[in-house]
Amino acid sequence: MRIATYNINGINGRLDTLLAWLADTQPDIVCLQELKAPQAKFPERQLKEAGYASVWHGQSRWNGVAILSRDSEPVLTRRGLPRDSHPSQSRYIEAALNGLLVGCLYAPNGNPAPGPKWDYKLRWLKQFTAHAKQLLALDVPVILAGDYNIIPAERDVYNPDRWRNDALFLPEVRKAYASLLKQGWCDAIATIHPDKPVYTFWDYLRQAWERNAGLRLDHLLLSPGLAARLKDAGVNRVMRGRPKASDHAPAWIALDIK
DNA sequence: ATGACATCATTATGATGA
């Protein structure tokens, strides 16, 4: 079974790109972020015709998350986090499918730091971490995939010093990520690729893609039972090089189930 | 430090992103 996460940066503006990628790579489960579409403008029909059933949490202009599933209907278990301080921001959706519980997240960016957006990011990560703990306690296979907006470590950024004071890399968010992992989650990409940098994002600016000036921001976290089934992981870098690409590329894992 | 580039919304400019 293959599961992917992709910050699509506008699902309607990039629907052809998304459909081509689905046809090429045929992931079983997909987590999407930054739909940038209101609930009513989600392309449910086109995805259905491509063989994917969807649940989604839309929002006009910004944010928005969705879970797609091939061969099965995802059963929605939650939209938004418990005790969400900004419930109007669509940043979390969760569904049961294929015997798994899948959480799809789009964490706040947090810039500029310090400031209210930074405070919101730390608060959101705290709520997310508390929810993740609850999910682990259920003792079912869980995957938490999405755009965490966190650079976990120095090796996950082309030039750490350039990002030292950025909300993606400040010690507080790296600590938040570390404490999440300490609950027992497995960072799939870091586990499969412990040494080499594996970027998932390249800025549109300053020819970041051409220079491979990338960041690893998109993560797939596995509960312990699933971690034992992890076979492979990677990034579809080719998607970032296409015309009109999202600034993120899809990150994927392969699990030894079914 | 600034701005380069992209999204969507609304129509030439603004908010947001990372």
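Residues numbered from 1 in each chain as written. Chains lettered and ligands numbered in written order. Predicted model: local features only at pLDDT ≥ 70, side-chain atom pairs only at ≥ 80, totals over all residues. Heavy atoms only, no water.

Novice: Any details on the UniProt feature "domain: Endonuclease/exonuclease/phosphatase" (unreviewed entry) in chain A? Residues and values, ideally.
Specialist: As recorded in UniProt, the sites labelled "domain: Endonuclease/exonuclease/phosphatase" (unreviewed entry) are residues 4–248. Structurally, residues 4–248 comprises 24% helix and 25% strand, and the distance from its first C-alpha atom to its last is 12 Å. (UniProt positions renumbered as here; feature names shortened; annotations may be inferred. Helix = DSSP H or I, 4+ residues; strand = E, 2+ residues; numbered from the N terminus.)

Novice: Got a sec to walk through the pattern of salt bridges? Specific residues and values, please.
Specialist: Enumeration according to the criterion identifies 11 salt bridges in this entry. Here Glu34 ties to Lys36 by a salt bridge, and the two come within 3.9 Å at their closest N and O atoms. You can call Glu34 buried: its relative accessible area is 13%. Ionic pairing is found between Asp161 and Arg164, a salt bridge with its closest N-O pair at 2.6 Å. Sharing partners across several salt bridges, the network here consists of Glu154, Asp161, Arg164 and Arg174. (Salt bridge = Lys/Arg side-chain N within 4 Å of Asp/Glu carboxyl O. Buried < 20%, exposed > 50% of the residue type's maximum accessible area, 1.4 Å probe, protein only.)

Novice: Tell me about the packing of aromatic side chains, residues and numbers included.
Specialist: All chains considered together, the criterion is met by nine aromatic pairs. Measuring from ring centre to ring centre gives 5.5 Å for Trp124 and Phe128, while their planes differ by 10 degrees; the resulting arrangement is stacked. One end of the pair, Trp124, and the other, Phe128, are both in helix 3 (residues 116–137), four residues apart, so they sit about a helical turn from each other. When its relative accessible area of 0% is taken as the criterion, Trp124 is described as buried. We classify Phe128 as buried; its relative accessible area is 1%. Ring geometry for Tyr148 against Tyr177: centres 5.8 Å apart, planes inclined by 90 degrees, an arrangement best described as edge-to-face. Taken together, the positions of Tyr148 in the loop between strand 8 (142–147) and helix 4 (171–182) and Tyr177 in helix 4 put the pair 29 residues apart, joining distant regions of the chain. Ring pairing ties together the aromatic residues Tyr92, Trp124, Phe128, Tyr148 and Tyr177, which thus form one cluster. Directly above the aromatic system of Trp163 lies the positively charged group of Arg162, at a separation of 4.4 Å from the ring centroid. Against the face of Phe169 rests Arg174, its NZ or CZ located 4.1 Å from the ring centre. (Phe/Tyr/Trp six-rings, centres within 6.5 Å; stacked < 30°, edge-to-face > 60°. Lys NZ or Arg CZ within 6 Å of the ring centre and 35° of its normal.)

Novice: Talk me through the pairing of strand 8; I want residue IDs and the actual numbers.
Specialist: Burial runs high along strand 8: six of the six residues are buried. Sheet topology note: the strand 7 (residues 100–106)/strand 8 ladder contains six bridges and is parallel. Note on strand 8: the bridge partner recorded for Leu101 is Val142. What joins strand 7 to strand 8 is helix 3, and the crossover it makes is right-handed. Pairing of strand 8 with strand 12 (residues 218–222) involves five bridges; the strand directions are antiparallel. (Pairing = 2+ DSSP bridges. Right-handed = clockwise from strand over helix to strand, strands pointing away.)

Novice: Account for helix 4, with residues named and values stated.
Specialist: Given a rise of 1.5 Å per residue, 12 residues ought to cover 16 Å, and the 16 Å separating the end C-alpha atoms of helix 4 matches this to within 8%. Among the residues of helix 4, Val173, Ala176, Tyr177 and Leu180 are the ones counted as buried. One side of helix 4 carries all its buried residues, which in axial view fall inside an arc of 95 degrees. Facing away from the buried side of helix 4 by over 90 degrees, the exposed positions are Lys175 and Lys182. Turning to helix 4, the residues buried within the fold contact helix 3, strand 9 (186–187) and strand 12. Two residues or fewer after helix 4 comes Gly184, characterised by a positive phi angle close to 130 degrees. (Expected span 1.5 Å × (residues − 1). Arc of directions from axis to C-beta. Contact = heavy atoms within 4.5 Å.)

Novice: Describe helix 3, naming the residues involved and giving the relevant values.
Specialist: Under the 1.5 Å per step criterion, the end-to-end length of helix 3 is 32 Å for 22 residues, consistent within 8% with the ideal 32 Å. Residues Trp118, Tyr120, Lys121, Trp124, Leu125, Gln127, Phe128, Thr129, His131, Ala132 and Leu135 constitute the buried set of helix 3. The inward-facing, buried residues of helix 3 abut strand 5 (75–79), strand 6 (92–97), strand 7, strand 8 and helix 4. Among the residues trailing helix 3, Asp139 stands out with phi positive, at a value near 60 degrees.

Novice: Explain the side chain of Ser69 residue by residue, including any values.
Specialist: Mapped onto the secondary structure, Ser69 falls in strand 4 (residues 65–70). There is a polar contact of 2.8 Å between the side chain of Ser69 and the side chain of Ser72. Dropping the residues within four chain positions of it, Ser69 is found in contact with Asp28, Gly51, Tyr52, Ala53, Pro74 and Leu97. (Polar contact = N/O pair within 3.5 Å; in protein donor to acceptor, adjacent residues only side chain to side chain.)

Novice: Describe the nonpolar core, listing the residues and the values that go with them.
Specialist: Membership of the largest hydrophobic core comes to 35 residues, with the highest contact counts inside it found for Ile3, Ile67, Ile143, Leu220, Leu222 and Ile253. Sorting elements by how many residues they give to this core places strand 7 first, with four residues. Not counting residues within four places of it along the chain, the set of residues in contact with Ile143 comprises Ile3, Leu101, Val102, Gly103, Leu220, Leu221, Leu222, Leu226 and Ile253. By size, the runner-up hydrophobic cluster in this structure holds 24 residues, among which are Tyr92, Leu125, Ala167 and Leu221. (Core = buried A, V, L, I, M, F, W, Y, C linked by side-chain atoms within 4.5 Å.)

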